[in-house]
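Structure at a glance
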Amino acid sequence: MYYMYPYPYYRQNGWANVFTLLQQSLYAEGMVCSMSTQMLYNPETKDLKGNTKMHDHLVPASYHRVTASGSAYRLTAGESDPYIITTAISCIKNAQKQDKGVREGLQMMKENANDTWRPFVEQIIKWQDVAESTLAQAKETMQSMNVWESSQS
């Protein structure tokens, strides 16, 4: 059963803020995906050590960001099933776990890139920083709303 609340109710309780932060994280993740995948197709960088390892974590991290964002949108729109919140929490946690592997792969890429491609990898790392920081801000916002259970921190 879905209970619809007026939009201002959710805005006051932060769901619109959570959704915006998750969208920003997803946007940055899209840049990481685009730029690192571009390197897989470029003959100069297709075998760069770390890129394949990084993608092994990037794909599930992206999935979890998409799912968390969709959950936050549904809550912003007025849905209230508590399992939507559980889904968002679980996906944020899983994305953060996968981000560790992404970061390890990016560091390996940076260490193995030549002088021509190292600045490009450093730019990817900056986008990853944004993806991680906005995801963390979404988590902090949910904690401030008292919807992030302390046992799940």
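Read on for a plain summary of the structure. (Residues numbered from 1 in each chain as written. Predicted model: local features only at pLDDT ≥ 70, side-chain atom pairs only at ≥ 80, totals over all residues. Heavy atoms only, no water.)

The geometry of an aromatic ring pair comes down to the distance between the two centres and the angle between the two planes. Using the criterion set out here, one finds three aromatic pairs in the structure. Their ring planes at 70 degrees and their centres at 5.8 Å tell us that Tyr27 and Trp127 sit as a pair that is edge-to-face. Taken together, the residues Tyr27 in helix H2 (residues 15-41) and Trp127 in helix H5 (residues 118-144) connect sequence positions 100 residues apart. (Phe/Tyr/Trp six-rings, centres within 6.5 Å; stacked < 30°, edge-to-face > 60°. Helix = DSSP H or I, 4+ residues; strand = E, 2+ residues; numbered from the N terminus.)

If you look at the biggest cluster of nonpolar residues, it comprises 20 residues, and the most contacted ones within it are Trp15, Val18, Leu22, Ile85, Ile92, Met142 and Val147. Of the residues forming this core, the biggest block, seven residues, is contributed by helix H4 (residues 82-112). Among residues more than four places away in sequence, those in contact with Met142 are Trp15, Val18, Ile85, Ala88, Ile89, Ile92, Val147 and Trp148. Listed in part, the 14 residues of the second largest apolar core include Met54, Leu58, Leu106 and Ile125. (Core = buried A, V, L, I, M, F, W, Y, C linked by side-chain atoms within 4.5 Å. Buried < 20%, exposed > 50% of the residue type's maximum accessible area, 1.4 Å probe, protein only. Contact = heavy atoms within 4.5 Å.)

Further remarks concern unusual backbone geometry. Of note, Asn146 is a non-glycine position whose phi angle comes to about 60 degrees, a positive value. Examined against the element boundaries, Asn146 turns out to sit in the segment after H5. Classification of Asn146 by relative accessible area gives exposed; the value is 69%.

Purely spatial values, then, with no claim about function.
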